[in-house]
Amino acid sequence: MTSNPMWKCFSEVDLSDSFFDSLKQDYKEFSEWFQRKSKEGAQALVSTDDLGITSFLYLKKEAEAIELAGAEALPEKQRLKIGTFKLSDRIQGSRQGEGTLGIALWRWRDEKAEEIYVTVFDKHGDLITLLSRFGFHLAGRNKRGEGIYVKSRKCLDYGDPYKSFPFVRPDFEHAYVLPIDDNYHDQLFPYSTLLRNQLDVEQITAGNGVSKVFIGFPSYGLSYKEDSPILVYRKHTGSLTRRYASAITSYCMLTDVKWVKREGKACMDFAKFASEAGNKTVFSRDELGQFYQKRNVVMVGLLYLGYFGERKNVAFDWLDNNGLLWEGHPYQAEYAKSQFLSILEKGGIDVQNVVVN
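Residues numbered from 1 in each chain as written. Predicted model: local features only at pLDDT ≥ 70, side-chain atom pairs only at ≥ 80, totals over all residues. Heavy atoms only, no water.

**Q** So what exactly am I meant to see when it comes to the overall build of the chain here?
**A** Helices and strands together make up the secondary structure of the chain, namely 13 helices and 17 strands. Along the three orthogonal principal directions, the C-alpha set of the chain runs to about 60 × 40 × 35 Å. Expressed as a percentage of the 357 residues in the chain, the buried residues total 53%. Considering only intrachain contacts with a sequence separation of at least 6, the fraction spanning at least 24 residues in the chain is 74%. Here the chain displays about 16700 Å² of accessible surface, and carbon together with sulfur accounts for 45% of that area. (Helix = DSSP H or I, 4+ residues; strand = E, 2+ residues; numbered from the N terminus. Buried < 20%, exposed > 50% of the residue type's maximum accessible area, 1.4 Å probe, protein only. Contact = heavy atoms within 4.5 Å. Areas by Shrake-Rupley, 256 points an atom, 1.4 Å probe, with all protein chains shown as cover.)

**Q** Can you help me understand unusual backbone geometry in this one?
**A** Leave glycine aside and you will find that most residues have negative phi; peptide bonds, for their part, are mostly trans. The omega angle of the peptide bond from Phe-165 to Pro-166 is 10°, so this bond is cis rather than trans. Of note in this structure, Lys-112 is not a glycine but carries a positive phi near 60°. Residue Asp-227 is not a glycine yet carries a positive backbone phi of 60°. Mapping Asp-227 onto the fold places it in the loop between strand E11 (211-216) and strand E12 (229-235). We classify Asp-227 as partly exposed; its relative accessible area is 24%.

**Q** Help me out: how do you make sense of the packing of aromatic side chains in this one?
**A** The way to describe two aromatic rings as a pair is by their centre distance and the angle between their planes. Going through the model one piece at a time under the given rule, you end up with 28 aromatic pairs. Pairing Trp-33 with Tyr-58 gives two aromatic rings, centres 5.5 Å apart and planes at 70°, and the pair type is edge-to-face. Taken together, the residues span a long stretch of sequence, with Trp-33 in helix H2 (residues 30-40) and Tyr-58 in strand E3 (residues 52-62) at a distance of 25 residues. The class for Trp-33 is buried, based on a relative accessible area of 17%. Residue class for Tyr-58 comes out buried when judged on its relative accessible area of 7%. Consider the rings of Trp-106 and Tyr-307, whose centres lie 6.0 Å apart with planes at 50°: the pair is tilted. A residue pair is termed long-range when its members are at least 10 positions apart, and Trp-106 in helix H3 (residues 96-111) and Tyr-307 in strand E15 (residues 297-307) qualify at 201 residues. Accessibility classification places Trp-106 together with Tyr-307 in one group, the buried group. Three or more aromatic residues joined by ring pairs form one cluster here, namely Phe-10, Phe-19, Phe-20, Phe-30, Trp-33, Phe-34, Phe-56 and Tyr-58. (Phe/Tyr/Trp six-rings, centres within 6.5 Å; stacked < 30°, edge-to-face > 60°.)

Right, dumping it as structure tokens:
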């Protein structure tokens, strides 16, 4: 069984693990570099299973030019380098690759560096496909023959929420609210509760991915529009008063809204429903089968952009006192851009660093 990734010092990681064999073959100096990082106290995001290491991510801040083979160098600027990013063949196709790259992109955003980049040999096709999906482009090659894949906050592709991740498109008109009962919320977003610190959140997210599917049963229609921001509202179902226990915990981008059943009529068959829900939801196939019997079923695709964190979740009470509590069902609620940004600010988010023009 694969563990959630954990930030570890290089000195805590077994360099003799067969996981590193290919890196030692590709980079003759890898072992020496690894030992040097161990002495420096450097850290990496590492996951393991019963057979050994399954993933490894190392990040480094840089500001120097990047030399290109047979061309001018990429100019000096603030960058976050993905120094090492490797997944074991045992977990290829899992959500861990997406989640680990998501952590690197979160770190890049929070560092406020202009660019993030990684060097990759062409033989690593699956990794290149993942990088391309999240907006990296080939900027040239280094003297080893590796492709240099770069993503810049100055030229984000807002036509695709994956390519612009983890930023909010600046030209949105409305934001929405996604209400989730607390027990389901804490399974789908286990890192968005009050008692999580940054490292906890990153470690859990890396193992669970940043794309999610919410399954709802609306009695009426939805206001949701794809490629718009949406706030995740944790509905408290216990004995505490909802004024303080219910709260907005995090924010996402809506990637798609698909009706599974509407007014009792199937919009997709069960096999497709179960396949598309896949491992992005918290429910078993049997539970999905039970849901499929309901009159109205909708799947909402989400790309998880960020969370408010300890003591920063935005409670029902604050929303009510500041005129930001919706009337009727949250599925129909719409926030103007200014209202959405005010909620982010209340949640401790640096809005200018998240909504980039």
